[in-house]
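# Structural description and commentary
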Amino acid sequence: QVQLVESGGGLVQAGGSLRLSCAASGRTSISTLAMGWFRQAPGQEREFVAVISWSPRTITYADSVKGRFTISSDNAKNTVYLQMNSLKADDTAVYYCAAHGKIGVSRRGREYDYWGQGTQVTVSS
């Protein structure tokens with residue numbers, strides 16, 4: 001079992017930055033997992049944001065965040081981060097951290113076995 005806890009959300013003005021953290025605990029190191037970020041805005045479907053995996057080393061972003069968001073990790077702390085720069089009002093959503101132990105990465109939420117509780121990000125225009 002893997003437990004995921006997100007933090008770092010909040011209210012920020014458009015053009016600002018936030019860094020989200022996802023701390024993983026349990027029996028597995030994040031280096032054996034694919035760790036993804038998803039988001040869901042009110043009335044909309046959950047959408048993929050970014051994913052990082054180490055076997056093989058892969059990082060993938062949604063087109064909507066490419067060049068503005070950066071996913072990274074501190075494996076010693078079993079934590080994954082999402083640095084969000086140049087935030088826009090459209091980035092407002094609840095952001096979820098997710099993980100799966102399958103080989104490769106996926107943009108599909110149903111491929112992920114473990115989910116955090118989410119953290120709210122609100123960008124004011």
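First, a word on what this report is: a plain description of the structure on this page. On a predicted model such as this, the values are computed, not experimentally measured, just so you know.

Another aspect to go through is the pattern of salt bridges. Oppositely charged side chains can pair when the atoms bearing their charge come close. Across all of its chains, the model carries six salt bridges by this definition. Ionic pairing is found between K66 and D63, a salt bridge with its closest N-O pair at 3.2 Å. Of the residues examined, K66 reaches a relative accessible area of 49% and is grouped as partly exposed. For D63, a relative accessible area of 63% puts it in the exposed group. R108 is paired through a salt bridge with E111; the nearest N and O atoms lie 3.6 Å apart. Using a relative accessible area of 44% as the deciding quantity, one classes R108 as partly exposed. Beyond isolated ion pairs, a larger network of salt bridges with shared partners links R39, E47, R68 and D91.

Criteria and thresholds
Residues numbered from 1 in each chain as written. Predicted model: local features only at pLDDT ≥ 70, side-chain atom pairs only at ≥ 80, totals over all residues. Heavy atoms only, no water. Salt bridge = Lys/Arg side-chain N within 4 Å of Asp/Glu carboxyl O. Buried < 20%, exposed > 50% of the residue type's maximum accessible area, 1.4 Å probe, protein only.

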